[in-house]
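# Observations on the model geometry
What follows is each chain in one-letter form.
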Amino acid sequence: MSLSAHICLALGSLRLAATLEVAAGEVVAVLGPNGAGKTTLLRALAGLVPLGAGRVELGGRVLEDTEAGIRLPAEERGVGVLFQDYLLFPHLTALENVAFGLRARGLSRIQAFPRAHAWLERVGLEEVAGARPAALSGGQAQRVALARALALEPGLLLLDEPLSALDAEARLVIRRHLRAHLEAFDGPCVLVTHDPLEAIALADRLVILEAGAVTQSGTIDEVTRRPRSAWVAGLVGLNLYRGYARGHRIDLAAGQGLEAADAADGEVFVAVHPRAVALHRRQPDGSPRNVWSGSVGGLDAQGDRVRVHVDGPLPVVAEVTPAAVSSLDLGNGGRVWVAVKASELDLYPV
C-alpha cells in the first residue's frame with residue numbers, strides 16, 4: 001500500500017503546494033525550517049485540514065480529490081497519527097488509551113482490551129497498563145501513543161516530531177525502539193521533524209519543505225552530499241553558492257567568480273566543504289585559484305575544530321583547528337584572506 005498525494009492549500013500566510021510519494025514500508029522524513037508547512041502537510045494527509053486543491057490516494061483508495069468532490073473524514077481514512085505532545089487522555093489508563101480507537105470503531109471491551117494489551121506488550125509496557133498518563137515518563141507516554149496509533153492497523157502512519165518532548169538521554173533509547181517498530185510497519189510512514197539526526201536515524205528518504213514547497217528530495221546521501229538550498233547546506237555544514245558556469249569559470253549571482261577544476265556549462269550549484277577553506281592574514285601566493293578577502297564575523301567551537309564565519313561580498317565558513325585560531329589571532333576578528341583550491345569545488349546542475 002503506497003501513498004500518493006498532491007496537496008495545495010492556504011492557511012493564514014502559508015501557501016502550501018507539495019507532492020509526496022511514499023512506497024509501502026518506506027519511511028519518509030519531511031524536514032524544513034519553522035513555518036515551512038511541515039505539520040500542516042501532515043494534518044492535510046490525516047484529513048484534519050481540507051485541501052484547497054489536490055488529491056490524496058492511499059493504496060489505490062482515494063481519500064480526497066477536490067476535482068471529484070471526494071473528501072473522507074479523518075476517522076474513515078485508516079490513518080494513524082502520533083502527535084508531538086502525544087495527546088493521551090489523562091482520565092484513562094494506558095490500556096484504555098490504546099483501546100480508545102478500537103472502542104470508537106464499535107469493538108466491545110472484551111474485544112478491544114486484549115488487542116490493546118497485546119500492543120502494550122509489543123512496545124514493552126504491559127506493566128503500566130493500569131497507569132494513567134500523569135504517572136508515565138515521557139518515553140513511556142510516547143510508546144503508549146504509538147501503540148494507540150498502531151492498534152488500529154492503519155494503512156498510513158504519520159509522526160509529528162515524535163521525539164521532541166523527550167530529554168536527550170530518553171531520546172536515544174526511544175529512537176531505537178521507534179526504529180524497530182517502523183521497520184515492522186508495512187505501510188507508508190511520513191515523519192515530520194526538525195532534527196536531522198532523527199531523520200537520518202529513522203528515515204529511508206528525505207523531503208525538504210521550505211516556504212510551503214518541496215525544494216529537494218532523495219536518499220539521505222543524495223540530499224546531504226548535494227544540497228539544493230542554503231537551508232539544507234547549513235544543515236549539513238556546507239558552503240553553497242549558485243551561479244552560471246562557462247567552462248571552468250563560474251559567475252555567481254552576487255557578481256563574484258570562482259574557478260573550478262571541472263568544466264561545466266549552464267546554471268550550477270557550487271558546494272565547498274568548510275575544511276577545504278584556508279584562511280590567511282596576508283594575501284596568499286601559490287596554487288589556489290580562488291582567493292578573496294573578508295572579515296571574521298564569528299567563531300563556533302565544534303568538538304576539536306572551530307568554524308570561522310567570514311563576512312564580505314562572498315561569505316564563507318571555514319573549519320580550522322584551535323591552533324590555527326590562535327596563530328592567526330582570529331578571536332580578535334579583523335580582515336582575513338580566503339583561499340580555496342579549484343579542485344575543492346563540487347559542481348552539480350541546478
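Our structure's up above, just so we're on the same page.
This write-up is about the structure you can find in this document. Just so it is clear, the model here is predicted, and its values are computed rather than measured.

Thresholds applied
Residues numbered from 1 in each chain as written. Predicted model: local features only at pLDDT ≥ 70, side-chain atom pairs only at ≥ 80, totals over all residues. Heavy atoms only, no water. Core = buried A, V, L, I, M, F, W, Y, C linked by side-chain atoms within 4.5 Å. Buried < 20%, exposed > 50% of the residue type's maximum accessible area, 1.4 Å probe, protein only. Contact = heavy atoms within 4.5 Å. Phe/Tyr/Trp six-rings, centres within 6.5 Å; stacked < 30°, edge-to-face > 60°. Helix = DSSP H or I, 4+ residues; strand = E, 2+ residues; numbered from the N terminus. Pairing = 2+ DSSP bridges. Axes fitted to C-alpha atoms, helices over the stretch in contact; angles between N-to-C directions. 1 Å grid on protein atoms, 1.4 Å probe; cavity = no way out; pocket = protein on both sides within 12 Å on 5 of 7 lines; lining within 4 Å. Points joined across faces, edges and corners; volume = space filled by probe spheres on them. Nonpolar A, V, L, I, M, F, W, Y, C, P; charged D, E, K, R; others polar. Salt bridge = Lys/Arg side-chain N within 4 Å of Asp/Glu carboxyl O.

## Thoughts on the nonpolar core
Soluble globular proteins: nonpolar side chains tend toward being buried together. Ranked by size, the top nonpolar core spans 48 residues in total, and within it Val98, Val144, Leu157, Leu159, Leu182 and Leu206 carry the most contacts. Apart from the residues within four sequence positions on either side, Val98 is in contact with Ala116, Trp119, Leu120, Val144, Ala147, Arg148 and Ala151. The next biggest cluster of nonpolar side chains, apart from the first, holds 30 residues, and it includes Val296, Ala318, Val325 and Leu328.

## Looking at the packing of aromatic side chains
Inspection of every chain in the model, using the stated rule, returns two aromatic pairs. Taken together, a centroid distance of 4.5 Å and an interplanar angle of 45 degrees make the contact between Phe89 and Phe100 tilted. Here the residue Phe89 occupies a position in the loop between strand E7 (79-82) and helix H2 (94-104), and Phe100 occupies one in helix H2, the gap between them amounting to eleven residues. A centroid spacing of 5.7 Å and a plane angle of 35 degrees characterise the contact between Phe269 and Tyr348, whose relative ring orientation is tilted. You can see Phe269 sitting in strand E13 (residues 257-272) and its partner Tyr348 sitting in strand E19 (residues 346-349), a full 79 residues away along the chain. Just as Phe269 is buried, Tyr348 falls in that class too.

## Here's the deal with the sheet that holds E13
In spatial order, the strands read E12-E13-E19; together these three strands make up an open sheet with antiparallel pairing. Every interior strand has two partners, whereas the edge strands, strand E12 (239-252) and E19, have only one. The sheet shows a mean angle of 45 degrees between the axes of neighbouring strands, direction not considered. As paired strands, E13 and E19 are joined by four bridges and run antiparallel to one another.

## Observations concerning the sheet that holds strand E18 (residues 335-340)
Spatially, five strands are ordered E14-E18-E15-E16-E17 in an open sheet, and the strand pairing comes out antiparallel. Only two strands of the sheet have a single neighbouring strand rather than two, namely strand E14 (278-280) and strand E17 (316-320). Geometrically, the sheet is characterised by an average inter-axis angle of 45 degrees between neighbouring strands, direction not taken into account. Sheet topology note: the strand E16 (residues 305-311)/E17 ladder contains five bridges and is antiparallel. Along E17, the bridge assignment pairs Arg307 with Glu319.

## Things to note about the layout of surface pockets
Over the atoms rolls a probe the size of a water molecule, and in doing so it shows where empty space is left. Of the volumes computed, that of the largest pocket is approximately 570 Å³. As for the largest pocket, its lining consists of 18 residues, and the residues nearest its centre are Ala74, Glu75, Val79, Val81 and Leu152. Across the lining of the largest pocket, the residue classes tally to twelve nonpolar, three polar and three charged.

## Re unusual backbone geometry
Phi is positive for Leu87, which is not a glycine, with a value near 55 degrees. Within the secondary structure layout, Leu87 lies in the loop between E7 and H2. One non-glycine residue with positive phi stands out, namely Ala211, at about 50 degrees. With respect to the helices and strands, Ala211 occurs in the loop between strand E10 (205-210) and strand E11 (213-219).

## A look at the pattern of salt bridges
Enumeration over the complete set of coordinates arrives at 17 salt bridges. Here Arg205 and Glu26 are joined by a salt bridge, their closest N and O atoms 2.8 Å apart. Of this pair, Arg205 sits in strand E10 while Glu26 sits in the loop between strand E2 (14-22) and strand E3 (27-31); the two residues are 179 residues apart in sequence, bridging distant segments of the chain. With respect to class, Arg205 is no different from Glu26; both count as buried. Here the residues in one salt-bridge network are Arg246, Arg249, Asp251, Glu259 and Arg289, joined through shared partners.

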